[in-house]
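Each chain, letter by letter, is given below.
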Amino acid sequence: MQEDTPFADADGLANNDVRSLKKGADAKRTLAVAPMLDWTDRHYRYMARLISKHTWLYSEMVNANAVVHGDSKGLLMFNPQEQPLALQLGGSEPAILARAAKIAAGYGYDEINLNCGCPSPRVQKGAFGACLMREVELVAQCLNAMQEAVAIPVTIKHRIGLDKETAYQPLADFVGTLREQTACRIFIVHARNAWLAGLSPKDNRDIPPLRYDYVYRLKQEFPDLQIILNGGVTSNTEIKQHLQYVDGVMVGREAYHNPMLMQHWDALFFGDQHQAIDHEEVVSGLVEYVQHELQHSDVSLQHMARHYLGLMHGLVGARNWRRMLSDASLLKNNNAKLIQDAWQFIKNQSVNRSEAI
Ligand SMILES: Cc1cc2nc3c(=O)[nH]c(=O)nc-3n(C[C@H](O)[C@H](O)[C@H](O)COP(=O)(O)O)c2cc1C
């Protein structure tokens, strides 16, 4: 049924527990899916969890002020099956972040992460995100206030630098200061600078050059820290390579557009040899989930189905799957059977194709 062999790059990895490459490191975050606004909501995360039991998942960034002053339940509620799950907070006021972290911990999150990597102008206006990298003392205060408020780990996600700064030392100083002044020991490093002026958030994920060597060097110089590398990773081969130098890899866009990339992660990277889930089983898990959500919440099929468009990536008929699950006239019935029908369509196409050969 496969058009190409998306897992061909896993060859040679199958019986190799990559965790052994970094002995002694806490292996829980060996692989993570990145926080992505509008993308990694609870419906995407449920699908990701069907595919991989162990991958560490992150929420979209949630504004700490909104948690404290707004509808915290709507912002924080999740399905326990999504765990292990981290909440990412955006903010720069230690007291507000601490209150938000405490509220979130009450919902059962496994980690609270502080966003110091987002370059969007809206976020800069609120003086948080990547521009916080200029204010390491404030970041330390934020992390300390959050950690004092909760018993779960407080972590940070940041860039390797700002604007056109290309030296390594400011990055090492940033991480070194936080290591000295806080209890934070888990650093997720997006291996690109954030250019705060002149680039859209989207371009800021593609244009500033990737410097993986800077992230590797951080691990060398701060061996007691957990360093998780992020940025531009799209295959299991790349993941394996990075894991020779860092404790974990966080994958963003590829895990969204091609979620079955995660199909063999439990076996390859977490040493869990349970049978990998196949497309059929993911579809059946999703249908059950969507039916339940349609009955018990006011979410629409369209809202959930948009996250499932990439599920058939690489299969014959993937285009029809996407077409059916984004057709407003089909979605408006809010019937989970549409997902089954779209899958059946792919299976029929595949049978017809093999009969024709
Ligand atoms: C649609 C979208 C939304 C994002 N939202 C966030 C966010 O809320 N918080 C954050 O720290 N990074 C966010 N990012 C950046 C990702 O977490 C990640 O750092 C970036 O995409 C690079 O990883 P990748 O090359 O594997 O995608 C977002 C990325 C995308 C594509």
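Parameters at a glance
- Residues numbered from 1 in each chain as written.
- Predicted model: local features only at pLDDT ≥ 70, side-chain atom pairs only at ≥ 80, totals over all residues.
- Heavy atoms only, no water.
- Helix = DSSP H or I, 4+ residues; strand = E, 2+ residues; numbered from the N terminus.
- Rg over C-alpha atoms; globule rule 2.2 N^0.38 Å.
- Buried < 20%, exposed > 50% of the residue type's maximum accessible area, 1.4 Å probe, protein only.
- Contact = heavy atoms within 4.5 Å.
- Near = heavy atom within 4 Å.
- Polar contact = N/O pair within 3.5 Å; in protein donor to acceptor, adjacent residues only side chain to side chain.
- Areas by Shrake-Rupley, 256 points an atom, 1.4 Å probe, with all protein chains shown as cover.
- Axes fitted to C-alpha atoms, helices over the stretch in contact; angles between N-to-C directions.
- Parallel < 35°, antiparallel > 145°, perpendicular 65-115°, else oblique.
- Left-handed = near helix turned anticlockwise from the far one by under 90°.
- Nonpolar A, V, L, I, M, F, W, Y, C, P; charged D, E, K, R; others polar.
- Domains from an automatic or database assignment.
- Buried area = accessible area lost by both parts, 1.4 Å probe.
- Salt bridge = Lys/Arg side-chain N within 4 Å of Asp/Glu carboxyl O.

A. Representation of the overall build of the protein in the model. In terms of helices and strands, the protein carries 16 helices and 8 strands. Computed over the C-alpha atoms, the radius of gyration of the protein is 21 Å, within 12% of the 21 Å expected from 2.2 N^0.38 for a compact globule of 357 residues. Taken over the C-alpha atoms alone, the protein extends approximately 65 × 45 × 40 Å along its principal axes. A total of 357 residues make up the protein; the buried ones form 53% of that total.

B. Main features of the environment of Ala34. Relative to the helices and strands, Ala34 resides in the loop between strand E1 (31-33) and helix H1 (42-51). C-alpha separation for the pair Ala34 and Asn230, spaced 196 residues apart in sequence, amounts to 8.0 Å. When sequence neighbours within four positions are dropped, the list of residues in contact with Ala34 reads Thr40, Tyr58, Asn230, Met250, Val251 and Gly252.

C. Looking closely at the site of the ligand. Taken together, 17 residues lie around the ligand, and Pro35, Gln88, Asn230, Gly232 and Arg253 are the ones closest in. In this structure, an oxygen atom belonging to the ligand sits 3.2 Å away from a main-chain N or O atom of Met61. His190 places a polar side-chain atom, nitrogen or oxygen, 3.3 Å from an oxygen atom of the ligand. Out of a free accessible area of 610 Å², the ligand has 92% covered by protein chains.

D. View of the packing of helix H7 (residues 169-181) against helix H8 (residues 212-221). Taken N-terminus to C-terminus, the directions of H7 and H8 make an angle of 45°; their axes are 11 Å apart at the nearest point. Judged by the inter-axis angle, H7 sits oblique to H8. For the pair H7 and H8, the sense of crossing is right-handed. Two secondary-structure elements touch here, H7 through Leu171, Ala172 and Val175 and H8 through Tyr214, Leu218 and Glu221. Within the contact of H7 with H8, the residues separate by chemical class into 5 nonpolar, no polar and 1 charged.

E. Region of the structure containing the domain arrangement of the protein. As far as domains go, the protein holds domain 1 (28-262) and domain 2 (279-352). Taking only C-alpha atoms, the centre of domain 1 and the centre of domain 2 are 30 Å apart. On the side of domain 2, 16 residues touch domain 1, which itself brings 16 residues to the contact. Note on domain 1 versus domain 2: buried area summed over both sides is about 1400 Å², and carbon and sulfur give 61% of it. The largest contributions to the domain 1 side of the interface with domain 2 come from His43, Met47 and Met260, which together make up 39% of the buried area. Where domain 1 touches domain 2, the interface holds 2 salt bridges. In this structure, Arg306 engages Asp41 in a salt bridge whose closest nitrogen and oxygen atoms are separated by 3.5 Å. Our count for the contact surface shared by domain 1 and domain 2 stands at 8 residue pairs in polar contact (both at pLDDT 80 or more). Those elements that provide at least two residues to the side of domain 1 that touches domain 2 are H1 and helix H10 (253-257). Among the residues making up the side of domain 1 that touches domain 2, the classes are represented as 9 nonpolar, 4 polar and 3 charged.

F. Expanded view of unusual backbone geometry. For the bond running from Gln83 to Pro84, omega is 5°, close enough to zero to count as cis. Within the chain, Asp38 stands out as a residue other than glycine whose phi angle is a positive 70°. Relative to the helices and strands, Asp38 resides in the loop between E1 and H1. With relative accessibility at 49%, the residue Asp38 sits in the partly exposed group. Positive phi values are uncommon outside glycine, yet Asn334 reaches one of about 50°. Tracing the backbone shows Asn334 in the loop between helix H15 (328-331) and helix H16 (337-356).

G. Region of the structure containing H1. Counted residue by residue, H1 has 9 buried out of 10 residues, so it is predominantly covered. Listing the buried residues of H1 in full gives Arg42, His43, Tyr44, Arg45, Tyr46, Met47, Ala48, Arg49 and Ile51. Buried residues belonging to H1 abut E1, strand E2 (56-63), strand E3 (85-90), H10, helix H12 (279-296) and helix H13 (301-305). Its side-chain oxygen at 3.0 Å from the backbone nitrogen of His43, Asp41 defines the N-terminal cap of H1.

H. Structural detail: the pattern of salt bridges. Across all of its chains, the model carries 13 salt bridges by this definition. A salt bridge links Glu82 to Arg45, with the nearest nitrogen and oxygen atoms 2.7 Å apart. Of the two residues, Glu82 is situated in the loop between helix H3 (72-76) and E3 and Arg45 in helix H1; the sequence distance between them amounts to 37 residues. Take Glu82: its relative accessible area is 0%, and that puts it in the buried class. The buried category is assigned to Arg45, whose relative accessible area is 5%. Where Glu280 meets Lys347, a salt bridge forms, and the shortest distance between an N and an O atom there is 3.0 Å. Here Glu280, found in helix H12, pairs with Lys347, found in helix H16; they are 67 residues apart in sequence, far enough to count as distant. For Glu280, a relative accessible area of 38% translates into the label partly exposed. One continuous salt-bridge network, built from bridges that share partners, spans Arg179, Glu180 and Asp224.

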